[in-house]
Amino acid sequence: MKQKESLTVVIPVYNEESCLEELIARLLKLKNNSDNVEFSFIFVNDGSRDKSLDILTRYAETYSFFKIINLSRNFGHQMAITAGIDYVDSDYVAVMDADLQDPPELIEKLYEKIKEGYDVVYAKRIKRKGESFLKLATARLFYYFINKLGRIDFPLNTGDFRLFNHKVLNTFKNMREQHRFIRGMIHWLGFNSAPVYYERDRRFAGNTKYPFRKMFIFALDAIFSFSNAPLRIGSYIGLFMISFAILGGILMLYLRFFTSYYVPGIPAVILSIILLSGVQIFMIGIVGEYIGRIFQETKNRPLYIVDRLTNFPSKQKE
Ligand code: UDP
Ligand code: MG
């Protein structure tokens, strides 16, 4: 008999106690129904303050294919996914959320698709149930900008729900940047990719762990790490201001020497001061944004700190 291929599902978990039982039941079903894939699951507990870890630990005691990476505190969705991916050692990796917005059953479809000869298969949503107007509108605006600014023709309506092979896994593991926009990074890697369409369910239980503030920071991370365009905005505005000032100066000289219509104007002076200092502050802000990033990258901190590993072979634990 042909050896089964191995597939690890990485699932970031942050205060998901109300979703986990259902999630695990569906994952078990997925595993039991699969003839050609050997599933294992890595749950990354991202500093949950509820019973998530207890629930996970209970299942990990029964099933050795449930692995847990318990981070020492909340590092955020993207870091949690990174931690999980780092510990994967299988033919394929799937990444999905714990709140069942990404139906686990779809992984089987992603797998069928990837067997057609792709390296990455991403789940693309045709419908999103139960998400607020604000979320949908900001998401659309965000993808519009990231595509315009980053020039990377990023697939719309996708999250981090995707499946990729060992080749992509290994290259991805080498990207150690601090500000991580994982779906963009995987897209940036290239390789052959294809979508699989699905209807995104509403969250099974609990609330979103992405309040507007986190979403905004996430969007900034994506834009500033994938594009130098913001750096250029300042230069464009500066150039425009200089041209404006030169033309204005010429006009002023013309009025002064060739016509009788000349009003020495204090408002004009004040306005130009305000405008020019505005531009300067704006520039400093942008430069600061990049300097901040250089600062963080040069610190070269570990991206996350693992507190404890469950059900991993001892060589991975060190
Ligand atoms: N998550 C995490 N750390 C965080 C925030 C979220 O690990 O700081 C996990 C969360 O448990 C879920 C996934 O990331 O599995 C996506 O979060 P959520 O469903 O709240 O985001 P939304 O679907 O509302 O964008
Ligand atoms: Mg969700």
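Scroll up to find the structure.
A quick note: this is a predicted structure, and the numbers were derived from the prediction, not measured.

*Asks:* Could you clarify how one ought to interpret the overall build of the chain in this entry?
*Replies:* A tally of helices and strands in the chain yields 11 helices and eight strands. In terms of overall size, the chain is more extended than a compact globule, its C-alpha atoms giving a radius of gyration of 25 Å where 318 residues would be expected to give roughly 20 Å. With the C-alpha coordinates of the chain rotated into their principal frame, the extents come out at 95 × 40 × 35 Å. Here the chain holds 318 residues, and the buried ones make up 47% of them. Sequence separation of at least 24 residues holds for 84% of the intrachain contacts in the chain that already meet a minimum separation of 6. Carbon and sulfur atoms form 60% of the exposed surface of the chain, whose accessible area is close to 17,700 Å². Averaging the locations of the 42 positively and 33 negatively charged side chains of the chain gives two centres separated by 6 Å.

*Asks:* Could you clarify how one ought to interpret the sheet that holds strand β3 (residues 66–71) in this entry?
*Replies:* In any sheet, the strands associate via hydrogen bonds between backbone groups, in a parallel or an antiparallel arrangement. Strands sit in the order β7-β5-β6-β4-β1-β2-β3-β8 across an open sheet of eight strands; the sheet is mixed. The open sheet has two edge strands with one neighbour each: β7 (193–200) and β8 (306–310). Here the average twist between neighbouring strands, direction ignored, is 20°. Each of β1 (5–13), β2 (37–45), β3, β4 (92–95) and β6 (158–165) is contacted by helix α3 (residues 77–86), which is oriented at about 155° to β1, the strand it contacts most.

*Asks:* Would you mind showing me how to read the packing of aromatic side chains here?
*Replies:* By convention here, two paired aromatic rings are described through the distance between centres and the angle between planes. Using the criterion set out here, one finds 18 aromatic pairs in the structure. Relative to F218, the ring of F181 has its centre 5.4 Å away and its plane inclined at 65°; by these criteria the two rings are edge-to-face. Taken as a pair, F181 in the loop between α6 (166–173) and α7 (182–189) and F218 in helix α8 (residues 212–226) lie far apart in primary sequence, 37 residues in all. With respect to burial, F181 and F218 carry one shared label: buried. Note on Y210 and F218: the rings are 5.8 Å apart at their centroids and 50° apart in plane angle, and the pair reads as tilted. For the pair Y210 and F218, a shared accessibility class is recorded, and that class is buried. Above the face of the F65 ring, K31 is positioned so that its terminal group lies 4.3 Å from the ring centre. Of note, K67 hangs over the ring of F312, and the distance from its end group to the ring centre comes to 5.2 Å.

*Asks:* Quick question: what am I supposed to make of the site of ligand 1 here?
*Replies:* Close to ligand 1 lie 19 residues; D46, D99, Q101, T208 and K209 are nearest. Between ligand 1 and A98, the relevant distance is 2.8 Å, taken from an oxygen atom to a main-chain nitrogen or oxygen of the residue. The contact in question runs from an oxygen atom of ligand 1 to an N or O atom on the side chain of T208, over 2.5 Å. When the free accessible area of ligand 1 is taken as 530 Å², the share hidden by the protein chains comes to 95%. In terms of residue class, the shell around ligand 1 is made up of five nonpolar, five polar and nine charged.

*Asks:* Could you clarify how one ought to interpret helix α1 (residues 17–33) in this entry?
*Replies:* Since one α-helical turn is 3.6 residues long, residues separated by three or four positions face the same way. In this model α1 runs 25 Å from its N-terminal to its C-terminal C-alpha over 17 residues, within 8% of the 24 Å that 1.5 Å per residue would give. For α1, the full list of buried residues reads C19, L20, L23, I24, R26, L27, L28, L30 and K31. Those residues of α1 that are buried are in contact with β1, β2, α2 (52–62), β3 and α4 (106–114).

*Asks:* It is not clear to me how the packing of α6 against α7 should be interpreted in this structure. Could you clarify?
*Replies:* For any two helices packed against each other, one specifies the inter-axial angle together with the distance between the axes. At a closest axis distance of 10 Å, the pairing of α6 and α7 adopts a crossing angle of 115°. Here α6 is positioned roughly perpendicular relative to α7, judged by the angle of their axes. Of the two elements, α6 crosses α7, and the hand of that crossing is right-handed. In this structure, α6 uses V168, T171 and F172 to contact α7, whose residues at the interface are I182, M185, I186 and L189. In terms of residue class, the contact of α6 with α7 is made up of six nonpolar, one polar and no charged.

*Asks:* Sorry, what's going on with the coordination of the magnesium ion (ligand 2) here?
*Replies:* Put simply, the ideal angle at a metal is 109.5 degrees for four donors in tetrahedral geometry and 90 or 180 degrees for six donors in octahedral geometry. Within the first shell, the magnesium ion (ligand 2) binds the protein through D99 (OD) and Q101 (OE1), at distances of 1.9 Å. In terms of burial, D99 and Q101 fall into one category: buried.

*Asks:* Teacher, can you tell me more about the nonpolar core here?
*Replies:* Generally speaking, a soluble globular protein has its nonpolar side chains buried in company with each other. Judged by nonpolar contacts, the single largest core of 41 residues is most densely connected at V44, I69, L71, I85, F164 and F172. At the level of elements, β2, β3, α3, β4, α5 (133–150), α6, α7 and α8 are the ones that each hand at least two residues to this core. Looking at this core element by element, the count peaks at six residues for α8. Ignoring anything within four residues of it in the chain, the contact list for F172 reads I85, R180, I182, M185, I186 and L189. Within the second largest apolar cluster, 38 residues are counted, among which are I24, M96, Y111 and V121.

Conventions used here
- Residues numbered from 1 in each chain as written.
- Chains lettered and ligands numbered in written order.
- Predicted model: local features only at pLDDT ≥ 70, side-chain atom pairs only at ≥ 80, totals over all residues.
- Heavy atoms only, no water.
- Helix = DSSP H or I, 4+ residues; strand = E, 2+ residues; numbered from the N terminus.
- Rg over C-alpha atoms; globule rule 2.2 N^0.38 Å.
- Buried < 20%, exposed > 50% of the residue type's maximum accessible area, 1.4 Å probe, protein only.
- Contact = heavy atoms within 4.5 Å.
- Areas by Shrake-Rupley, 256 points an atom, 1.4 Å probe, with all protein chains shown as cover.
- Lys, Arg positive; Asp, Glu negative; His and termini not counted.
- Charge placed at Lys NZ, Arg CZ, Asp CG, Glu CD.
- Pairing = 2+ DSSP bridges.
- Axes fitted to C-alpha atoms, helices over the stretch in contact; angles between N-to-C directions.
- Phe/Tyr/Trp six-rings, centres within 6.5 Å; stacked < 30°, edge-to-face > 60°.
- Lys NZ or Arg CZ within 6 Å of the ring centre and 35° of its normal.
- Near = heavy atom within 4 Å.
- Polar contact = N/O pair within 3.5 Å; in protein donor to acceptor, adjacent residues only side chain to side chain.
- Nonpolar A, V, L, I, M, F, W, Y, C, P; charged D, E, K, R; others polar.
- Expected span 1.5 Å × (residues − 1).
- Parallel < 35°, antiparallel > 145°, perpendicular 65-115°, else oblique.
- Left-handed = near helix turned anticlockwise from the far one by under 90°.
- Donors = N, O, S within 2.8 Å, 3.2 Å for Na, K, Ca; no water.
- Core = buried A, V, L, I, M, F, W, Y, C linked by side-chain atoms within 4.5 Å.

Everything listed is a geometric property; what it means functionally is a separate question.
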